[in-house]
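What the coordinates show
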Amino acid sequence: MTSQADIPASATGGIGGPSTVRPQPSARARFRPSREAEARLLLLIDAFSRKGGDQVRYLEGRVKLAKLDFLLRYPRHLRRVLLAQGARPDQVEGIDPDEAPLDARMMRYRYGPWDPSYYAVLGSLIGRGLVEVTPLAGKGFGYRTSETGARLASDLRGDSSFTHINLRLRLLRRYLDKSGNTLKNYLYDLPEIADATWHEDLT
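1. Considerations on the confidence of the model for the protein
- Here the protein averages 84 in pLDDT, while 82% of its residues score no lower than 70.
- Within the model, the stretch residues 1-5 combines pLDDT values under 50 with eight contacts to residues more than four positions away or in other chains.

2. Notes on the packing of helix α2 (residues 61-73) against helix α7 (residues 180-188)
- Contact pair α2 / α7: the axes reach a minimum separation of 8 Å and the direction vectors enclose 40°. With respect to each other, α2 and α7 are oriented oblique. Classified by chirality, the crossing of α7 by α2 is left-handed. Between α2 and α7, the contacting residues are Val63, Lys64, Lys67, Leu68, Phe70 and Leu71 on the first element and Gly180, Leu183, Lys184 and Leu187 on the second.
- Classifying every residue of the contact of α2 with α7 by side-chain character gives six nonpolar, one polar and three charged.

3. Some remarks on the environment of Pro97
- Mapped onto the secondary structure, Pro97 falls in the loop between α3 (75-84) and β2 (107-109).
- What makes Pro97 partly exposed here is its relative accessible area of 33%.
- Each residue touching Pro97, except ones within four places of it in the same chain, is listed here: Arg76 and Arg79.

4. Some details on the pattern of salt bridges
- For the coordinates displayed, the defined rule picks out 16 salt bridges.
- We note a salt bridge from Asp177 to Arg57, for which the minimum N-O separation is 2.5 Å. You can see Asp177 sitting in the loop between α6 (163-175) and α7 and its partner Arg57 sitting in the loop between α1 (35-47) and β1 (59-60), a full 120 residues away along the chain.
- Since its relative accessible area comes to 28%, Asp177 is described here as partly exposed.
- Linking Glu60 and Lys64 is a salt bridge whose minimum nitrogen-to-oxygen distance equals 2.9 Å.
- Looking at Glu60, the relative accessible area reads 26%, which means it is partly exposed.
- Overall, Lys64 belongs to the buried group, its relative accessible area being 3%.
- Among the charged side chains, a salt-bridge network with shared partners connects Arg57, Glu60, Lys64, Arg173 and Asp177.

5. Focus: the packing of aromatic side chains
- Counted according to the given criterion, the structure contains three aromatic pairs.
- Consider the rings of Phe70 and Tyr74, whose centres lie 4.4 Å apart with planes at 25°: the pair is stacked.
- Looking at Tyr74, the relative accessible area reads 2%, which means it is buried.
- Through successive ring pairs, a cluster of aromatic residues spans Trp114, Tyr118 and Tyr119.

6. Description of the nonpolar core
- Judged by nonpolar contacts, the single largest core of 50 residues is most densely connected at Leu44, Phe70, Leu82, Leu172 and Leu176.
- By residue number, the principal contributor to this core is α1, which donates eight residues.
- If we ignore the near neighbours within four places in the chain, the residues touching Leu172 are Phe48, Leu68, Leu71, Leu72, Leu78 and Asp177.

7. Points about the sheet that holds β1
- Strands sit in the order β1-β5-β4 across an open sheet of three strands; the sheet is antiparallel. Strands at the two margins of the open sheet, each flanked by one partner only, are β1 and β4 (131-136).
- With two bridges connecting them, β1 and strand β5 (residues 140-145) associate as antiparallel partners. Following the sheet pairing, Glu60 is matched in β5 by Gly142.

8. A short note on a nonpolar patch on the surface
- Where nonpolar side chains cluster on the molecular surface, the patch consists of Ile126, Val133 and Phe141 and spans about 220 Å² of accessible area.
- When you line up the elements, Val133 lands in strand β4.
- Using a relative accessible area of 38% as the deciding quantity, one classes Val133 as partly exposed.

9. A few points about the pairing of β4
- With six bridges connecting them, β4 and β5 associate as antiparallel partners. Counted as the bridge partner of Val133 is Tyr143 from β5.
- Where β4 hands over to β5, the hairpin turn is made up of three residues, of which Gly138 adopts a positive phi near 75°.

Rules behind the numbers
- Residues numbered from 1 in each chain as written.
- Predicted model: local features only at pLDDT ≥ 70, side-chain atom pairs only at ≥ 80, totals over all residues.
- Heavy atoms only, no water.
- pLDDT = per-residue confidence, 0-100.
- Contact = heavy atoms within 4.5 Å.
- Axes fitted to C-alpha atoms, helices over the stretch in contact; angles between N-to-C directions.
- Helix = DSSP H or I, 4+ residues; strand = E, 2+ residues; numbered from the N terminus.
- Parallel < 35°, antiparallel > 145°, perpendicular 65-115°, else oblique.
- Left-handed = near helix turned anticlockwise from the far one by under 90°.
- Nonpolar A, V, L, I, M, F, W, Y, C, P; charged D, E, K, R; others polar.
- Buried < 20%, exposed > 50% of the residue type's maximum accessible area, 1.4 Å probe, protein only.
- Salt bridge = Lys/Arg side-chain N within 4 Å of Asp/Glu carboxyl O.
- Phe/Tyr/Trp six-rings, centres within 6.5 Å; stacked < 30°, edge-to-face > 60°.
- Core = buried A, V, L, I, M, F, W, Y, C linked by side-chain atoms within 4.5 Å.
- Pairing = 2+ DSSP bridges.
- Patch = residues over 30% accessible without salt bridge, like charges linked within 9 Å, V, L, I, M, F, W, Y side chains within 5 Å.
- Areas by Shrake-Rupley, 256 points an atom, 1.4 Å probe, with all protein chains shown as cover.

See the structure below:
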C-alpha cells in the first residue's frame, strides 16, 4: 500500500515559499519527474476530481491540466485571471504577485504553457496507483485520484508546506473549473503568453 512516505512532505518543503530560489534544470532534467511536481499534480488532480455521493468526476484532459498547473505555479498570472473572472480583491490577498513561479518554468507550446515532465510525472503517479486514467469521449483522457491517492492528497493538504497551494487550488476550483480550451483562451489574453515564441520559457 502506498503511504505518505511515497511523496514525503520534507522533499517538497518550501513549496510555494516566496523566498525560495530554484536554479533552472538542465534540458535532460526537465523530462524527469520531481517529488515537488508529483505532489503538486496529485493535489491538483484530487481537487478537480473530488466528487459527492455516487458521482464520478475526472479532470478532463492534459490541456486543462496544463493550464490549471500553469496558474497554480505562476501566482502573478493567477491573480490577474482570477480578478478578470470575478474573484474579489480580498479573496486573492493571499496570492503574492511578486512570488517566483513554483518549480521549473513552463514553456510555450502549441496550445500554450506546457511542461515536458508531465508524461513522466503522470506516468509515475499512475504507475504507483495514486492516479487513475480513463479515455473520455472527445476530451482525451480523464484523470482522478484513486482511493490511495485521495488519502495521500488529504495528508498533504494538512501539511503547512502546502498552505499556498491549497489556497490557490480552492480559488481555481471555484472560478476556473472550465474546459481546457476556455482556459487556453484566458491565458492567451496574457501578453507574456500570447507574444512568446514556441519553446520559450514563460515568465
